[in-house]
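So you can see what is in the structure, the chains are spelled out below.
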Amino acid sequence: MGNNDVQYGIDQLVEKLFTWKEKRIAMVTNDAAKTSSGISSRMALVNNGYNITKLFSPEHGITIQGEDGVAQQNATDILTGLPVISLYGEKLAPTEEDLQDIDIVLFDIPDIGCRFYTYLWTMTHVMEACATFKKKLIILDRPNPIGASLEKAEGPMLDETNCSSFLGRWSIPVKHGCTLGELANYFAAIKLSGLELEIINLKNYQRHYTAAYDFSFVPTSPAITDIQTAMFYPGMGLLEGVNVDEGRGTETPIRVFGAPWKLMEDLQKELQEKLPAVKVKGVRYRAQAGMYKNEWCNGVELSVENEGLFSALETGIIVLQTLYKLYPEQLTERLYKTNINPSGKKHLDLLLGAKDAFAGIQTGKVFVTDLKNEWINTMNNYLLY
């Protein structure tokens, strides 16, 4: 279905063979990073004579198989034999020692367009390290798979004072509508100084393109298995913050959710009325992970019916508020323990970027703000497409 005219940053490097290819290069990457023809980015560069001497990997590891929130160890890359330094273990950024024998850092990791998807924040830690230790950073840009229309950005903006974390360090919307190259441009200007940054742009790319139509989608982590899941994630990812199973380990993670509570016919009926752009199907399934592992859950499965009308964050908030309305006794906040938040506290606040988020769900607070004009004005000078 894809339109093969879209060329990624990595494709330009393979096509042109830049003069710096013999310098000592470190690459921040993972198995989801491929050329537009489906070849592993790091292999494509090694095979074309780029002198890559070490790799850095984000959350989920170089193989993208690591479970959500689980620390990843340093490793040796099976594909290239190169050492892999984990940036989701004891540290989140390269150290001076990691970079002392490096001239250039390349960053090539696909994003899914959601603020609390952590690859973006790994990029910011790498940016800071490169600025501090005076290394050139080259970002190989990639499409935003759920579309880069700033008109469709969804907020709230992150409350940096109360909710800054590795799920959202700096203030951008939950669904940001940018490429990582554009966000890097923006952060380099407002959050960092002295970074030597180069972005290798996409070719033949337009902001409204999504992976559903214009280029292919490669799963980016165990739960983000397809484009529909990526589209839902900026809203349905919020379920991590409450005691509802979000379908990890099932065939439709994030799009299916439930709990061992009483039957969910009312949930299916009510959600279908409130979500005109979404098809809501009642399901009963056995949880594969998390707090209800191996228990039977009653719940629903969601799919996008009308992409033009679909709003991810609004869907997630409506789901949470409806769960609270129907199950006020059962629904509670969940401690979601991760490598970067070992206590698991305030996970919903960190995801939504808003203080006292669960109380807001209970009282019907309006979280989904129309911020498109503010965000378009903010990003105007940093857009690449």
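For the structure itself, look to the data block above.
Note that the structure is predicted; figures quoted are calculated from it, not measured. (Residues numbered from 1 in each chain as written. Predicted model: local features only at pLDDT ≥ 70, side-chain atom pairs only at ≥ 80, totals over all residues. Heavy atoms only, no water.)

Trainee: Which residues make up the side chain of D245, and what values go with them?
Mentor: Position of D245 relative to the elements: it lies in the loop between α7 (227-236) and β10 (256-259). Summary of buried charges: D245 has no salt-bridge partner, and the nearest side chain of opposite charge, R334, is 6.5 Å away. Engagement of the side chain of D245 in a polar contact is seen with the side chain of Y285, the distance being 2.6 Å. Ignoring sequence-local partners within four residues, the contact set of D245 consists of V256, F257, G258, Y285, A287, A289, M291, Y292 and C297. (Helix = DSSP H or I, 4+ residues; strand = E, 2+ residues; numbered from the N terminus. Buried < 20%, exposed > 50% of the residue type's maximum accessible area, 1.4 Å probe, protein only. Lys, Arg positive; Asp, Glu negative; His and termini not counted. Salt bridge = Lys/Arg side-chain N within 4 Å of Asp/Glu carboxyl O. Polar contact = N/O pair within 3.5 Å; in protein donor to acceptor, adjacent residues only side chain to side chain. Contact = heavy atoms within 4.5 Å.)

Trainee: So what's going on with the pattern of salt bridges? Residues and values would help.
Mentor: Where charged atoms of side chains with opposite charge meet at close range, the side chains can pair. Throughout the structure, instances matching the rule amount to 21 salt bridges. Taking the shortest distance from any N to any O, the salt bridge between D68 and R248 comes out at 3.6 Å. With D68 in the loop between β2 (52-57) and β3 (75-76) and R248 in the loop between α7 and β10, the pair connects residues that are 180 residues apart, well separated along the chain. Taking relative accessible area as the criterion, R248 reaches 15% and is therefore assigned buried. The salt bridge involving E240 is made with R248; its shortest N-O contact spans 2.5 Å. Overall, E240 belongs to the buried group, its relative accessible area being 3%. Sharing partners across several salt bridges, the network here consists of D68, E240, E246, R248 and R334.

Trainee: Lay out the environment of T252 in plain terms, naming residues and giving numbers.
Mentor: For T252, the position within the fold is in the loop between α7 and β10. T252 sits in the buried class, given a relative accessible area of 16%. Taking the C-alpha atoms as reference points, T252 and S165, 87 residues apart in sequence, are found 28 Å from one another.

Trainee: Quick rundown of the state of the cysteines? Include the residues and the values.
Mentor: Inspection of the entire model under this criterion finds 0 disulfides. As a non-bridged cysteine, C178 has C114 as the owner of its nearest cysteine sulfur, 13 Å distant. (Disulfide = S-S within 2.5 Å.)

Trainee: Describe empty space enclosed by the protein, and please don't skip the residues or the numbers.
Mentor: Summary: where empty space remains is shown by rolling a probe the size of a single water molecule over the atoms. A complete count under the given rule lists 2 cavities of 30 Å³ or more for this structure. Forming the boundary of the largest cavity are 19 residues, of which E59, D68, F116, Y233 and E240 lie nearest the centre. Taken as a whole, the second largest cavity spans an internal volume of roughly 60 Å³. Surrounding the second largest cavity, F107, I109, D111, I139, L140, D141, R142, P143, N144, T179 and L180 form its lining. Residues belonging to the lining of the second largest cavity are distributed by class as follows: 6 nonpolar, 2 polar and 3 charged. (1 Å grid on protein atoms, 1.4 Å probe; cavity = no way out; pocket = protein on both sides within 12 Å on 5 of 7 lines; lining within 4 Å. Points joined across faces, edges and corners; volume = space filled by probe spheres on them. Nonpolar A, V, L, I, M, F, W, Y, C, P; charged D, E, K, R; others polar.)

Trainee: I'd love a proper account of the layout of surface pockets, names of residues and values included.
Mentor: Approximately 430 Å³ is the volume found for the largest pocket. Together, 21 residues line the largest pocket, and E67, R248, A289, G290 and Y336 are the ones closest to its centre. Tallied by class, the residues present in the lining of the largest pocket amount to 9 nonpolar, 5 polar and 7 charged.

Trainee: Summarise the packing of aromatic side chains; cite the residues concerned and give the values.
Mentor: A full pass over the atoms with the stated rule returns 17 aromatic pairs. Pairing W121 with W170 gives two aromatic rings, centres 6.3 Å apart and planes at 90°, and the pair type is edge-to-face. Of the two residues, W121 is situated in helix α4 (residues 119-132) and W170 in the loop between α5 (160-163) and β8 (173-175); the sequence distance between them amounts to 49 residues. For W170, a relative accessible area of 9% gives the class buried. (Phe/Tyr/Trp six-rings, centres within 6.5 Å; stacked < 30°, edge-to-face > 60°.)

Trainee: I'd like a rundown of the environment of A129, residues and numbers included.
Mentor: Checked against the element boundaries, A129 lands in helix α4. Of the residues examined, A129 reaches a relative accessible area of 5% and is grouped as buried. With 250 residues separating them in the primary sequence, A129 and M379 have C-alpha atoms 24 Å apart. Residue contacts for A129: discarding those within four places in its chain leaves P94 and L99.

None of the figures reported here should be taken as evidence of function without further support.
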